[in-house]
Amino acid sequence: FCFRCVFSVLVAETYLKVITGDASAGGKVLQSGPEDNVFLYFVDHGGAGMLSFPGLWYPSSLLEVDLMNALQSMHDKKMYKNLVFFVDACESGSMFENLPADINVFAVTAANATESGWGKYCGSPKVGGTTIHTCLGEEFSCTWLEEADVTDLSTVTLQALYEVVLGGVKMSHPQEFGALAYANTTDADAF
């Protein structure tokens, strides 16, 4: 019996069930329809063709092929009008290289398929008198979240927001995939 193998599959499997509306996930799941805009945001570790989930004892990995199958399933079940997916993880660009252009998904990643994403606000802050040697955020996420805080999102397109991120991230190369024409016509406030 491989406890680690079973646990690893369960976390990624549950995430896929949640985003595809599968009630067997055991909790709340996405219950959207054909007129809904859906925004998914993932922040954690990644590697070539995979995203990692934290685990109590063992981490869990979501493979690119499984994510593509889930997005196709969501499209086939008409779970969204448009879907925007922001992923902040190392090598996150590898997750969307096979994203079909015709399923109305616009994906933005913190890094290309072969490089790391990087921390921001790094140093040696103290918590309770103990130095924790950490970063307080990720460069990609902090850049777009800080921009979203000071921008009227109803006046800027998703493409314009991506370009701000592209110019603000210095340690990696954010990427965009999928419904690029959609990103030029839709205000970021729709999400």
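Above: the structure in question.
Because the structure is predicted, anything quoted here is derived from the model rather than measured.

S.K.: What's the story with the layout of surface pockets in this structure? I'm lost.
M.R.: If a probe as big as a water molecule is rolled over the atoms, it shows which places are left empty. Of the volumes computed, that of the largest pocket is approximately 200 Å³. Taken together, Val-43, Asp-44, His-45, Gly-46, Asp-88, Ala-89, Cys-90, Ser-116, Gly-117, Trp-118, Gly-119 and Glu-138 form the lining of the largest pocket. Grouping the constituent residues of the lining of the largest pocket by class yields four nonpolar, five polar and three charged.

S.K.: It is not clear to me how the environment of Val-43 should be interpreted in this structure. Could you clarify?
M.R.: Mapped onto the elements, Val-43 comes out in strand β1 (residues 37-43). Once the C-alpha coordinates of Val-43 and Glu-138 are considered, the two residues, 95 residues apart in sequence, prove to be 8.7 Å apart. Not counting residues up to four positions away in its chain, the partners in contact with Val-43 are Asp-88, Glu-138 and Ser-141.

S.K.: Whenever I open this one, helix α2 (residues 64-76) confuses me. Can you help?
M.R.: Every α-helix winds through 3.6 residues per turn, so residues three or four apart in the chain are directed the same way. The terminal C-alpha atoms of α2, which comprises 13 residues, lie 18 Å apart, in line with the 18 Å expected from a rise of 1.5 Å per residue. Within α2, burial applies to Glu-64, Leu-67, Met-68, Ala-70, Leu-71 and Met-74. Relative to the axis of α2, the buried residues are bounded by an arc of 160° and lie together on one face. Backbone geometry just after α2 places Lys-78 at a positive phi near 55°.

S.K.: Please explain the environment of Trp-144 as it appears in this structure.
M.R.: Take Trp-144: it is sitting in helix α3 (residues 139-150). Sequence spacing of Trp-144 and Val-169 is 25 residues, and the spatial spacing of their C-alpha atoms is 9.3 Å. When residues no more than four places from it in sequence are discounted, the contact partners of Trp-144 are Phe-39, Tyr-41, Phe-86, Leu-161 and Val-165.

S.K.: Just checking my understanding: could you explain the packing of aromatic side chains for this structure?
M.R.: For any pair of aromatic rings, the description rests on two quantities: the centre-to-centre distance and the angle between the ring planes. Per the stated rule, a full pass over the model turns up 11 aromatic pairs. With 5.2 Å between their ring centres and 55° between their planes, Tyr-15 and Phe-53 make a pair best called tilted. Within this pair, whereas Tyr-15 is found in helix α1 (residues 3-19), its partner Phe-53 is found in strand β3 (residues 50-53), the two being separated by 38 residues in sequence. Each member of the pair Tyr-15 and Phe-53 is classed as buried. With a centroid separation of 6.3 Å and an interplanar angle of 25°, the aromatic rings of Phe-39 and Tyr-41 are classed as stacked. Residue Phe-39 is classed as partly exposed on the basis of its relative accessible area of 30%. Taking relative accessible area as the criterion, Tyr-41 reaches 33% and is therefore assigned partly exposed. By the ring-pair criterion, three or more aromatic residues cluster together here, those being Phe-39, Tyr-41, Phe-86, Phe-140 and Trp-144.

Reading guide: rules and limits
Residues numbered from 1 in each chain as written. Predicted model: local features only at pLDDT ≥ 70, side-chain atom pairs only at ≥ 80, totals over all residues. Heavy atoms only, no water. 1 Å grid on protein atoms, 1.4 Å probe; cavity = no way out; pocket = protein on both sides within 12 Å on 5 of 7 lines; lining within 4 Å. Points joined across faces, edges and corners; volume = space filled by probe spheres on them. Nonpolar A, V, L, I, M, F, W, Y, C, P; charged D, E, K, R; others polar. Helix = DSSP H or I, 4+ residues; strand = E, 2+ residues; numbered from the N terminus. Contact = heavy atoms within 4.5 Å. Expected span 1.5 Å × (residues − 1). Buried < 20%, exposed > 50% of the residue type's maximum accessible area, 1.4 Å probe, protein only. Arc of directions from axis to C-beta. Phe/Tyr/Trp six-rings, centres within 6.5 Å; stacked < 30°, edge-to-face > 60°.

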